[in-house]
Amino acid sequence: MKKILILFSHPKFEKSRANSILVDKIKDKEGVTFCDLYERYPDFNIDVEAEKELLTAHDIIIWHHPFYWYSCPPLMKQWIDMVLEFGWAYGPNGNALNTKKCLNVITTGGTRALYCEKGTNSFSVTEFLRPFEQTANLCGMRYLPPFTIMGTHKIEDKELHDYADKYDKLIGLLQQGLKLADVGNFSFLNDIPQLNT
Ligand SMILES: Cc1cc2nc3c(=O)[nH]c(=O)nc-3n(C[C@H](O)[C@H](O)[C@H](O)COP(=O)(O)O)c2cc1C
């Protein structure tokens, strides 16, 4: 079974509705290490060696966060800046993460329909996530499409619980070895047939 590390980043988790439902469902799942970055590093002083050890011990890295200004909250960025060191994660001999898989799990206030050329947000989620995709690529990781919960302000708790069930199922598929080749041309993992049967 593949080992999964969920790096969770939410600056206001005590006020969260969407992510608290998702996290409740998956945080104690077998084979999953759930790491709440804001709980672990409230002062932003990241223990780089401990994080590198965690990464080394896992096969799949999930960046799980609410979408904030079309990106991640600041501690998630701090984690990327501090932990993915030259010569370790990338660059000459920087191959510690080679062949691991990586993806974003995001919640957004905007609905999917708003994330397109003619929508309020002008660009697709895939386009906004390019820096994450290329960060993973540069580190030799295989970047999978995101799993998204979109339009959170309009979603009832019942539907959020359905998303949490789907997230749980996705983790099961990843643990069994879901690969990029299995995902086809889908822009969102939400849409792959394996999650919808
Ligand atoms: C500072 C801030 C920035 C946000 N930026 C975006 C954004 O760029 N796009 C978007 O769709 N939603 C944005 N939102 C909405 C959040 O993504 C949404 O409230 C969150 O995903 C809901 O999850 P929660 O209930 O766990 O907090 C933003 C919210 C805050 C507080």
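Residues numbered from 1 in each chain as written. Predicted model: local features only at pLDDT ≥ 70, side-chain atom pairs only at ≥ 80, totals over all residues. Heavy atoms only, no water.

Looking at an unreviewed UniProt entry, one finds the protein named Glutathione-regulated potassium-efflux system ancillary protein KefG and attributed to Cellulophaga fucicola.

Right, let's get into the pairing of strand β2 (residues 32-36). Looking at chain direction, strand β1 (residues 4-8) and β2 are connected through five bridges and run parallel. By the bridge assignment for β2, Ile4 is matched with Val32. Once you follow β1 into helix α1 (residues 18-26) and on to β2, the crossover reads as right-handed. (Pairing = 2+ DSSP bridges. Helix = DSSP H or I, 4+ residues; strand = E, 2+ residues; numbered from the N terminus. Right-handed = clockwise from strand over helix to strand, strands pointing away.)

Attention now moves to the nonpolar core. Ranked by internal contacts, the top residues of the largest apolar core, which has 35 residues, are Leu7, Leu55, Trp63 and Trp79. Within the residue set of this core, elements represented by two or more residues are β1, α2 (37-40), α3 (48-56), β3 (60-66), α4 (74-83), β4 (101-108), α5 (125-128) and α6 (130-138). In terms of residue count, the dominant contributor to this core is α4 (five residues). If sequence neighbours within four positions are ignored, Leu55 has contacts with Leu5, Ile61, Trp79, Val83, Leu84, Trp88, Leu97 and Lys100. In terms of nonpolar packing, the next biggest core, distinct from the first, is built from 28 residues, Ala18, Leu22, Ile26 and Phe147 among them. (Core = buried A, V, L, I, M, F, W, Y, C linked by side-chain atoms within 4.5 Å. Buried < 20%, exposed > 50% of the residue type's maximum accessible area, 1.4 Å probe, protein only. Contact = heavy atoms within 4.5 Å.)

Attention shifts here to the site of the ligand. Close contacts around the ligand come from 17 residues, with Ser16, Asn19, Tyr70, Thr107 and Tyr115 the closest. Note that an oxygen atom of the ligand is positioned 2.8 Å from one of the backbone N or O atoms of Phe67. A distance of 2.8 Å separates a nitrogen atom of the ligand from a polar backbone atom of Trp69. Relative to its unbound accessible surface of 640 Å², the ligand loses 74% to contact with the protein. Secondary-structure elements contributing two or more residues to the shell around the ligand are α1 and β4. Broken down by class, the residue content of the shell around the ligand amounts to seven nonpolar, nine polar and one charged. (Near = heavy atom within 4 Å. Polar contact = N/O pair within 3.5 Å; in protein donor to acceptor, adjacent residues only side chain to side chain. Areas by Shrake-Rupley, 256 points an atom, 1.4 Å probe, with all protein chains shown as cover. Nonpolar A, V, L, I, M, F, W, Y, C, P; charged D, E, K, R; others polar.)

Glancing now at the packing of aromatic side chains. Under the criterion given, the structure shown has 14 aromatic pairs. The interplanar angle of 15° and the centroid separation of 4.6 Å between the aromatic rings of Tyr70 and Phe128 together place this pair among those described as stacked. Linking Tyr70 in the loop between β3 and α4 with Phe128 in helix α5, this pair joins segments that are 58 residues apart in sequence. With a relative accessible area of 30%, Tyr70 lands in the partly exposed category. Consider the rings of Phe86 and Tyr90, whose centres lie 5.5 Å apart with planes at 70°: the pair is edge-to-face. Among the aromatic side chains, those forming a connected cluster through ring pairs are Phe67, Trp69, Tyr70, Tyr115, Phe123 and Phe128. When the ring centre of Phe188 is taken as reference, the NZ or CZ atom of Arg112 above it lies at 3.9 Å. (Phe/Tyr/Trp six-rings, centres within 6.5 Å; stacked < 30°, edge-to-face > 60°. Lys NZ or Arg CZ within 6 Å of the ring centre and 35° of its normal.)

Bringing the pattern of salt bridges into the picture now. Following the criterion strictly, the structure yields 13 salt bridges and no others. With its nearest N and O atoms 2.8 Å apart, the salt bridge here joins Lys77 to Asp81. Of the two residues, Lys77 and Asp81 are both situated in helix α4; the distance of four residues between them amounts to about one turn of the helix. Judged by relative accessible area, which is 41%, Asp81 ranks as partly exposed. (Salt bridge = Lys/Arg side-chain N within 4 Å of Asp/Glu carboxyl O.)

Okay, the layout of surface pockets next. Taken as a whole, the largest pocket encloses approximately 300 Å³ of empty space. Residue lining of the largest pocket: 15 residues in total, with His10, Ala18, Thr107, Thr152 and His153 positioned closest to the centre. When contributions to the lining of the largest pocket are tallied by element, the ones reaching two or more residues are α1 and β4. A class-by-class count of the residues in the lining of the largest pocket yields four nonpolar, eight polar and three charged. In terms of lining, the second largest pocket is formed by Thr126, Leu129, Arg130, Glu133, Tyr143, Leu144, Pro145, Pro146, Leu180, Phe186 and Ser187. Grouping the constituent residues of the lining of the second largest pocket by class yields seven nonpolar, two polar and two charged. (1 Å grid on protein atoms, 1.4 Å probe; cavity = no way out; pocket = protein on both sides within 12 Å on 5 of 7 lines; lining within 4 Å. Points joined across faces, edges and corners; volume = space filled by probe spheres on them.)

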